[in-house]
Amino acid sequence: SPMALLHGWDYISKSVDLKGTLRNYLRSNLFRKYLNYTDDARKLVQEAEIRSALMQDVLEASLCYMRAVDLVRILIRLAIVVVFTIQGSPRSWWILVLMP
């Protein structure tokens, strides 16, 4: 049934903690990139800029990514509902077209 499939997807996505994993990945790679700068390049970057990038910018980037993932999740749910509705009643396609 589609509801069991959607419930299973929600359960798995909640247990993965994609937001925290993504945030840690972005922070560690951004800091690693900073550490690979030459000494002259590191002197050009202020400490406050790096701190802001590691805290605020990474947070914003991860939130944007999570919103994109949520959009894809919603579109997949909509596709599942449409497929099961058409399978259950093929003549109901016009209702799906009119649905906002």
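Described in the following lines is the structure provided in the data block. Note that this is a predicted model, so its numbers are computed, not measured. (Residues numbered from 1 in each chain as written. Predicted model: local features only at pLDDT ≥ 70, side-chain atom pairs only at ≥ 80, totals over all residues. Heavy atoms only, no water.)

A word on the overall build of the chain
Test applied: Helix and strand assignments come from DSSP, with helices taken as H or I runs of at least 4 residues and strands as E runs of at least 2, each series counted from the N terminus. Radius of gyration: over C-alpha atoms. The globule rule applied is 2.2 Å multiplied by the number of residues raised to the 0.38 power.
From N to C terminus, the chain includes 5 helices and 0 strands. Put simply, the chain runs from its N terminus to its C terminus through helices and strands in the order α-α-α-α-α. Radius of gyration (C-alpha) of the chain: 22 Å, far over the 13 Å computed for a compact globule of 100 residues. Projecting the C-alpha coordinates of the chain onto the three principal axes gives extents of approximately 70 × 30 × 20 Å.

Observations concerning a nonpolar patch on the surface
Selection rule: Patches were defined on residues exceeding 30% relative accessible area and lacking a salt bridge, with like-charge contacts within 9 Å and nonpolar side-chain contacts (Val, Leu, Ile, Met, Phe, Trp, Tyr) within 5 Å. Note on areas: these come from Shrake-Rupley sampling with a 1.4 Å probe, and a residue is covered only by the protein chains present in the view. Criterion for a salt bridge: a side-chain nitrogen of Lys or Arg within 4 Å of a carboxyl oxygen of Asp or Glu. Whether a residue is buried, partly exposed or exposed follows from its accessible area with a 1.4 Å probe, protein chains only, as a fraction of its type maximum: under 20%, in between, or over 50%, in that order.
On the surface, Ile 86, Trp 93, Trp 94, Ile 95, Val 97 and Leu 98 cluster together to form a nonpolar patch covering roughly 660 Å² of accessible area. Per element, the largest residue contribution to the nonpolar patch is 5 residues, and it comes from helix 5 (residues 93–98). Along the chain, Trp 93 turns up in helix 5. A residue is classified by how much of its surface remains accessible, and Trp 93, at 51% relative accessible area, is exposed.

With respect to the environment of Gly 20
Here Gly 20 shows up in helix 2 (residues 18–35). Separated by 71 residues in sequence, Gly 20 and Arg 91 have C-alpha atoms that sit 45 Å apart.

Details of the packing of helix 2 against helix 4 (residues 47–88)
Our working definition: To get an axis, a line is fitted to the C-alpha atoms, and for a helix only the part in contact is used. The angle between two axes follows their N-to-C directions and goes from 0 to 180 degrees. Under this scheme an angle from 65 to 115 degrees is roughly perpendicular, one under 35 degrees roughly parallel, and one over 145 degrees roughly antiparallel; angles in between are oblique. Take the far helix as your reference; a near helix turned counterclockwise from it by less than a right angle gives a left-handed crossing, and one turned clockwise gives a right-handed crossing. Two residues qualify as a contact provided that any one of their heavy atoms is within 4.5 Å of a heavy atom in the partner residue. In the scheme used here, Gly and all other residues not listed as nonpolar or charged are polar, with Ala, Val, Leu, Ile, Met, Phe, Trp, Tyr, Cys and Pro taken as nonpolar and Asp, Glu, Lys and Arg as charged.
Between helix 2 and helix 4, whose axes approach to 9 Å, the crossing angle comes to 140°. When the interaxial angle is binned, helix 2 and helix 4 end up oblique. Helix-helix and strand crossings are classified by hand; for helix 2 and helix 4 the assignment is right-handed. Taking contact as the criterion, the partners of Leu 18, Lys 19, Leu 22, Arg 23, Leu 26, Arg 27, Leu 30, Phe 31 and Tyr 34 in helix 2 are, on helix 4, Ile 50, Ala 53, Leu 54, Met 55, Val 58, Leu 59, Ala 61, Ser 62, Leu 63, Tyr 65, Met 66 and Val 69. Looking at the contact of helix 2 with helix 4, its residues break down into 17 nonpolar, 1 polar and 3 charged.

Considerations on the pattern of salt bridges
By the definition in use, this model includes 3 salt bridges. A salt bridge links Arg 42 to Asp 39; the nearest nitrogen and oxygen atoms lie 3.4 Å apart. Pair noted here: Arg 42 and Asp 39 are both in helix 3 (residues 39–44), with a separation of 3 residues, about one helical turn. Residues Glu 47 and Arg 51 are paired through a salt bridge, measuring 2.4 Å at the closest nitrogen-oxygen approach. Of this pair, Glu 47 and Arg 51 are both found in helix 4, 4 residues apart, which corresponds to roughly one turn of the helix. By relative accessible area, which is 56% here, Glu 47 ends up exposed.

So far we have only geometry, and geometry alone does not tell us how the molecule works.
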